[in-house]
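# Notes for the structure review
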Amino acid sequence: MEMAETEKLTPMMRQYRTLKREYSREILFFRLGDFYEMFEEDAKTASSILNVTLTSRNGIPMCGIPYHAAKSYVKKLLDAGKRVAVCEQTDIPEKGIATREVVQVISPGTVIDDDMLASARNNFILAAGRIGSMLAASWIDVSTGEFFIASLDLDMQASSLRKLLFELDPSEVLIQESLFYDVPAVKQAAGTSSAMVTTFPDWSFDIDASYAACTELFGTRSLQAFGIEPKDSSLFAAGVLLSYVKDAAKVSLGHISSIQQYSAATHILMDESTQKNLELVKNLQDAGEHDTLYSVLRHTRTASGARKLRSWIVRPLSGHEAISRRLDAVDRLYHTPQVLTSLRNVLKGVLDMERITTRILAGKAHPKDLVSLRQSIEASLSVYTLQREVIGLTLEDESIRTLTELSSLIDRAVFYNPEASMQYLIKPKYDHQLDALRVGVNRSSAMLEEYQEQLREETGISKLRIRSNKILGHYIEVSKSFIPQAPDTFIRKQTLVNGERYTTEALIAMESQIEDSKQQYRDLEQDIFRSVLQHVRDASECISTCADITAAIDCMQSLAHSAVTYGYVKPSFTDANVLSITKGRHPVVEKNLPPGDFVPNDLHIARDYHRFCLITGPNMAGKSTYLRQNALIVVMAHIGSFVPAEKALIGTVDKIFCRVGASDNLARGESTFLVEMHETAYILRNATQSSLIIMDEVGRGTSTADGISIAFAVLHRLLELRSKVLFATHFHELTRVDSPLLHKLYLEILEEGESITFLNRVKEGSMHASYGIHVAKLAGLPRSVIRRADAMLKQLELTRHSPGDQQELFSAAAELPSAEPQHRNTDRDILEIIDELASADINRMSPVEALIFLDRLKRRTGELT
């Protein structure tokens, strides 16, 4: 039956199905003339995503898009989580169907076109597999040529993979089948990522094959130059990654010149939860970049600088020597404002050298790319000269010479003017032979005009014209009324309704001469253009080094500019295990407040006492802000940034943990409390004496008795570890713990009658009230609910030590009416309206909110009359 159906298909559809069997997971763009056509299930899927008309021919669904507009359609399909296989006509014979083959598979991780990439973020594709007890991972940004390998601990919760996915935010993940299906936590981690996930069979992961693939890529006999041994477990997933990008996606990897080992030893450890809760590069609201530390510090002028700054933030340095080098560079820029301003101006001229070079090396070069590369090289060399006496980053003289010569070559050779009517590749006067051929090509138009005038004189046909198109070539066009005057030397080519088209022996010879000249010109021009591209390939390593240095300079000037703009100070480092911050501020919250409105606070953790800061205070008083700001100040200092404080002394920090609030994870079958306990368990298992731990409301997700017990036990365990801890709680019972390591702090308020004002000041001591009902009132809970809660609170406080009395109290409270009483106390209602007016902050209301507020009060006063 299937064979009979196949026999009914046209040769073209049989060709399509053959290709489709090989690329079953992709949307196949099948080239037909000036369109990419899609058929059958691909057509149904694509028409829905792309919003193009679904038609059919011989009962086969189909849809198509113009080939010249393919980029925008490809991007839509990638955004929808699809891959695209691009099938081109590679040979068009005189008879029979065209030969077609897939020339490229475009997936989210293999895109190199600027139109489809976010300039300020890397576009990583990551592969991961399990080897023994280790998780091997490799990742590449094809658009920039960055290539990494890593070997990480594979724990029960696959936190290593979750951390890596959150940190890198890859667009595509290739994962070993057994790892994906046998370890539920890994599958869940991959599932919660926004990346496209594809599983690969276990046999495709092999260290020896990976080692061979890497040596082939770099053209070396070994990887010793990169510090990698043949049996290094970090290589386990590299072969699958390289094979996928090179063979399946058909993307050139010639621009990848090195491989880097990802090491946790040189960076502070921050797990996924910590990075998320501190809102380093993604906010908790919508996972966007606004209201993050990255958004505050990002004053970069280049795309590569923005990408590097992001990586600095998620991977703070741990070694004081490396941090000091960055800090000193930022400090020198901070104190040389003229150099800083000049750098910022010159850096604007640096385009994305890494991605431009990748497109050139991948054979997708356009004259515009080469001109952009020249501009970027020149600007980068100016940047290098400007910073040399201040920052002191070095670029070898040989590299400078190579880049200067390349820039000069491109400037002399490559032509790009988007407004020019003739789009040449090579400038005049670069090659004498090409100039001579160009004169001949330009002369062809004059030759045709001269021949046209000659024919008009000879035939007397004044409106005779010589024209051309792709099908007929050059022809003589004569309108219908002048056909009788056409001489016998005119050879008919095409008959039209309004006239005839002819040629002549002379025109045929002239056309052949013109086409020969054009072809010679095109061939030589392409040869010269390819030679320029080869010079770019030869200099690609120098370009990569220059781009990396320029990006680092951009990051440093960004940090210096942030320090100037926001009034940050240079932190000091010590080998002692202490943390002292004077008048610290939250960088993100401060930026969103009017100048001077943020209330700064101190934090002092000594080596032998006050290691554990127990923080109490009401809701909305600023406990979470205080916790986070101190962690962010430590992070900023470790990336080489100045910090929002009057003074900061940063001691040894190996890991930062931040557990501030939690939400349930239904996909993993975890309640809010279970998520909280997972995070707490991870901290207790991995924290050391040098760790900084931020914890907020441990134990609040369960019953009061259970919660206090857990919080009490966690507190004592952290005291035993002697970690640097900021621990906020509403369990006031914990303040009874007595230890020289415990430092009791609270957030101050001003209480006036029934109203309170949050002063946001941290004081020594404890607070034994949470003022939750006051916050509930601010949130707009009905007044009847507030009154009942307030009455209940007063009774509970009277009977807090008498469980029997509390039982009777709850039973009696259940009988109370929840609605307002039927009779109205006018005086009380008037006082409530006055109170609401007095407490309203008109300055913070929008016009619409103010009108709604006024309308509500008007209706309430109307009810009193």
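Fair warning: this is a prediction, and the values are worked out from it, not measured in the lab.

## Some thoughts on the pairing of strand β8 (residues 134-141)
When you tally the buried positions in β8, you get seven out of eight residues, the bulk of the element. Pairing between strand β7 (residues 125-131) and β8: seven bridges, direction antiparallel. Bridged to Ala128 within β8 is Ala137. What sits between the antiparallel neighbours β7 and β8 is a turn of two residues, in which Gly132 has the positive phi angle 65°.

## Quick look at helix α14 (residues 337-347)
If you check which residues of α14 are buried, you get Val339, Leu340, Leu343, Arg344 and Leu347. An end-on view of α14 places all buried positions within 135° of arc, on one side of the element. For α14, exposure combined with an orientation more than 90 degrees from the buried face picks out Pro337 and Gln338. Elements in contact with the buried residues of α14: α13 (320-334), α16 (367-387) and α20 (540-566).

## Thoughts on the pattern of salt bridges
Per the counting criterion, the structure on display carries 44 salt bridges. One salt bridge in this structure joins Glu40 and Arg17, with 2.4 Å as the shortest N-O distance. With Glu40 in helix α3 (residues 40-50) and Arg17 in helix α2 (residues 11-22), this pair connects stretches of sequence that are 23 residues apart. For Arg17, a relative accessible area of 22% translates into the label partly exposed. Note that Glu354 and Arg307 form a salt bridge whose closest N and O atoms lie 2.7 Å from each other. Taken together, the positions of Glu354 in helix α15 (residues 353-361) and Arg307 in helix α12 (residues 303-314) put the pair 47 residues apart, joining distant regions of the chain. Neither Glu354 nor Arg307 differs from the other in exposure class; each is buried. Each of Arg374, Glu378, Asp411 and Lys427 takes part in salt bridges that share partners, so that together they form one network.

## Structural notes on the confidence of the model for the protein chain
Looking at the protein chain as a whole, its pLDDT mean stands at 87, while 91% of the residues score no less than 70. A low-confidence stretch, residues 809-814 stays under pLDDT 50, and its non-local contacts, those more than four residues away or across chains, total eight contacts. Within the model, the stretch residues 816-824 combines pLDDT values under 50 with 11 contacts to residues more than four positions away or in other chains.

## Quick notes on the environment of Arg162
Within the secondary structure, Arg162 sits in helix α5 (residues 159-168). Sequence separation of Arg162 and Ser273 is 111 residues, and the distance between their C-alpha atoms is 9.2 Å. Side chain to side chain, Arg162 and Glu272 meet in a polar contact 3.1 Å long.

Definitions and limits used
Residues numbered from 1 in each chain as written. Predicted model: local features only at pLDDT ≥ 70, side-chain atom pairs only at ≥ 80, totals over all residues. Heavy atoms only, no water. Buried < 20%, exposed > 50% of the residue type's maximum accessible area, 1.4 Å probe, protein only. Helix = DSSP H or I, 4+ residues; strand = E, 2+ residues; numbered from the N terminus. Pairing = 2+ DSSP bridges. Arc of directions from axis to C-beta. Contact = heavy atoms within 4.5 Å. Salt bridge = Lys/Arg side-chain N within 4 Å of Asp/Glu carboxyl O. pLDDT = per-residue confidence, 0-100. Polar contact = N/O pair within 3.5 Å; in protein donor to acceptor, adjacent residues only side chain to side chain.

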